[in-house]
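Each chain, letter by letter, is given below.
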Amino acid sequence: MRHRVGWCIAGDTEITLESEAGHLRRRTIAELYKLWHAGVEDRLPHSAGGVTWHSRAGKWMAQVRRAETNHYLGLYENREAAESAVAEFRELHPGTRIPRLEPVRRNHVRCYDEETLLAQRARIVDVIESGVKELVKITTASGKTLRCTVDHALFTPEGWCKAGELSVGDAVLVSGTAPRPSEALVPPSLRRGIGVWTSMQRERLIKEFDTCHLCGHDFPREQLALDHVVPVAGDLLQALDEKNLAPACEPCHAMKSAGEQALARRGGEVAKAVPDRIVSIEAAGEEMTYDLSVEGPWHNFLANDFVVHNSYNEESGRYRELQPVFYLPGEDRKLVQQGRPGKYEFVAGTEAQQELVDRSMQESYIQAYDAYQEMLAAGVAREVARAVLPVGLFSSMYATCNARSLMHFLGLRTQHELAKVPSFPQREIEMVGEKMEAEWARLMPLTHAAFNANGRVAP
């Protein structure tokens, strides 16, 4: 099972991608999703040709060149008919291009150091289609717009905040620039040239399996980059010296580069996240939504120039204030464990025990949450203040799985009289499993019946 927070943005949202040399380009997240899962076509021969005007005949001529052969398709009274003939030929004679995932899976996004706000790169881990959801449209004073769900997290000068918690007049962080810190400067054109030259040496200088010179671990070539051991800004004379190049894994290379320079600098400025005031927030209808998951340490990316948080496994108290929703066992929750280890059972508690559990838990929860709120009010970071909160605090997540994975989960986390293999789960996770099973049985009754008939063992 894969657990993700349901943060989502519209399919036409443009994601800023960044090459190893610092070049920026954009793709919509819907395009990224299609490429990520379907791949790009390999550069094999493809049928050329098309429609041209035949002046002597006074008609439109359709022809296609394929596999070194010209195919004359005829003359047509109008352009639309000729184009239709070309399209029909290509449909009957499809190209032999092969989908490749590898180039797409090496894409990196522009992200930002959440402490310095300087630009960095992060590798895309996954592109997710999140389903049709309601959206809001946020517009800033600079004219930037973003359509996202109300629970998508945006970076603000005060930290991460969900779109639904923002108001007109609040500031969000967007892409911008700031004066470059004083240091030895490398002209942008020269830096780009060095980046191109370095990329050209990659296949020759990195073995199929090679060792990262920073962490010492072995990686396949596709997970390695060429790193300048002595930084370009530190000694320009060694920038084009092969002896100064060494393989580095992507995480190590990204961290080293971030420490040496602010990426994508232009002129006397450095790329940095800057505040932009919200001027309007309005409903934006429903449509298919998407999200990204990117590598750390900074799990964010640029969406229509807004700094937004990526999808991640579970809602985290590091990025938002946690709400006081706590678990209290119901009266049907058996409280007393009896029997020896490995062969025990739970039995109902007394009224006094039930009252003690309720009172003790509520008092503990109130005290812990008051302390959490006090620290937040005093300016303590969320990731520090959350340490006082108990395990009884509810969390939220979105879970996806196929039927077989769900059967395996239910076989382990529910007790059932039809089960061939007995299981003894904790009651709380069993309650979650029971709700999941009820919904699954409604959606797939035949598969659910077959699961029970097979002794509740996944195929």
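Okay, so let's go over this structure.

Now for the overall build of the protein chain. Tallying secondary structure elements over the protein chain gives 11 helices and 25 strands in all. Taking all 459 residues of the protein chain together, the buried fraction comes to 39%. Pairs at least 24 apart in sequence give 64% of the contacts found in the protein chain among residues at least 6 apart. Counting every atom, the protein chain has about 25,800 Å² of accessible surface; 53% of that belongs to carbon and sulfur.

What follows concerns empty space enclosed by the protein. All chains considered together, the criterion is met by one cavity of 30 Å³ or more. What the largest cavity holds in volume is close to 40 Å³. As for the largest cavity, its lining consists of Tyr327, Pro329, Gly330, Asp332, Arg333, Arg427 and Met431. Each residue belonging to the lining of the largest cavity can be placed in one class, and the counts come to three nonpolar, one polar and three charged.

Moving on: the packing of helix H9 (residues 403-413) against helix H10 (residues 427-443). Following both chains from N to C, one finds H9 and H10 inclined at 140°, their axes separated by 10 Å at the closest point. As the angle between them shows, H9 and H10 are arranged oblique. The two elements H9 and H10 cross, and the hand of that crossing is left-handed. Contact residues: Ala403, Leu406, Met407, Phe409, Leu410 and Arg413 in H9; Ile429, Glu430, Gly433, Met436, Glu437 and Trp440 in H10.

Taken residue by residue, a regular strand's side chains alternate between the two faces of the sheet. For strand E3 (residues 14-18), the tally of buried residues reaches four of five residues, placing the bulk of the element in the interior. Bridging between E3 and strand E4 (residues 24-28) involves five bridges; their strand directions are antiparallel. By the bridge assignment, Leu17 is partnered in E4 with Arg25. The antiparallel hairpin formed by E3 and E4 contains five residues in its connecting segment, where Gly22 sits at a positive phi of about 95°.

Inspection of the sheet shows strand E10 (residues 108-112) paired to strand E11 (residues 119-140) by five bridges, in the antiparallel sense. Its bridge partner being in E11, His108 is matched across the sheet by Arg123. Remark: six residues form the turn of the hairpin made by E10 and E11, two consecutive strands paired antiparallel; Leu117 in that turn has positive phi of roughly 70°. Sheet topology places E11 next to strand E12 (residues 145-148); four bridges connect them, and they run antiparallel. When the sheet's bridge partners are listed, Lys137 is paired in E12 with Arg147.

Another point: the state of the cysteines. Covalent bonding between the sulfur atoms of two cysteines defines a disulfide. One pass over the structure, following the stated rule, counts zero disulfides. Cys8 supplies the cysteine sulfur nearest to Cys148, a cysteine that is in no disulfide, at a spacing of 9.4 Å. Of the residues examined, Cys148 reaches a relative accessible area of 0% and is grouped as buried. As a non-bridged cysteine, Cys215 has Cys212 as the owner of its nearest cysteine sulfur, 3.6 Å distant.

With the rule as written, the count across this model stands at eight aromatic pairs. Each ring, one from Phe326 and one from Tyr369, has its centre 6.3 Å from the other, and the planes form 85°; the classification is edge-to-face. One end of the pair, Phe326, is in the loop between strand E22 (306-309) and strand E23 (336-340); the other, Tyr369, is in helix H7 (residues 351-377), and 43 residues separate them in sequence. Overall, Phe326 belongs to the buried group, its relative accessible area being 18%. Given a relative accessible area of 11%, Tyr369 falls into the buried group. Ring geometry for Tyr369 versus Tyr372: centroids 5.5 Å apart, planes at 50°, classification tilted. Here Tyr369 and its partner Tyr372 are both found in helix H7, three residues apart, which amounts to about one turn of the helix. Overall, the relative accessible area of 0% leaves Tyr372 in the buried class.

Once that is clear, we can look at the packing of H10 against helix H11 (residues 445-453). Interaxial distance between H10 and H11 falls to 5 Å at its minimum, and their mutual angle equals 120°. For the element pair H10 / H11, the angle class is oblique. On H11, the residues touching Glu437, Trp440, Ala441, Arg442 and Leu443 of H10 are Pro445, Thr447, His448, Phe451 and Asn452. Of the residues assigned to the contact of H10 with H11, the class counts are five nonpolar, three polar and two charged.

This paragraph deals with the environment of Val132. Note on placement: Val132 falls in strand E11. For Val132, a relative accessible area of 54% puts it in the exposed group. Each C-alpha atom of the pair Val132 and Glu286 lies 6.3 Å from the other, and the pair is 154 residues apart in sequence. Among all residues touching Val132, those that are not within four sequence positions of it are Glu286, Glu287 and Met288.

The next subject is helix H2 (residues 79-92). Compared with the 20 Å implied by 1.5 Å per residue over 14 residues, the 20 Å span of H2 between its first and last C-alpha is a close match. The opening residue of H2, the one whose side-chain oxygen lies 3.4 Å from the backbone nitrogen of Glu80, is Asn78.

What counts and what doesn't
- Residues numbered from 1 in each chain as written.
- Predicted model: local features only at pLDDT ≥ 70, side-chain atom pairs only at ≥ 80, totals over all residues.
- Heavy atoms only, no water.
- Helix = DSSP H or I, 4+ residues; strand = E, 2+ residues; numbered from the N terminus.
- Buried < 20%, exposed > 50% of the residue type's maximum accessible area, 1.4 Å probe, protein only.
- Contact = heavy atoms within 4.5 Å.
- Areas by Shrake-Rupley, 256 points an atom, 1.4 Å probe, with all protein chains shown as cover.
- 1 Å grid on protein atoms, 1.4 Å probe; cavity = no way out; pocket = protein on both sides within 12 Å on 5 of 7 lines; lining within 4 Å.
- Points joined across faces, edges and corners; volume = space filled by probe spheres on them.
- Nonpolar A, V, L, I, M, F, W, Y, C, P; charged D, E, K, R; others polar.
- Axes fitted to C-alpha atoms, helices over the stretch in contact; angles between N-to-C directions.
- Parallel < 35°, antiparallel > 145°, perpendicular 65-115°, else oblique.
- Left-handed = near helix turned anticlockwise from the far one by under 90°.
- Pairing = 2+ DSSP bridges.
- Disulfide = S-S within 2.5 Å.
- Phe/Tyr/Trp six-rings, centres within 6.5 Å; stacked < 30°, edge-to-face > 60°.
- Expected span 1.5 Å × (residues − 1).
- Polar contact = N/O pair within 3.5 Å; in protein donor to acceptor, adjacent residues only side chain to side chain.

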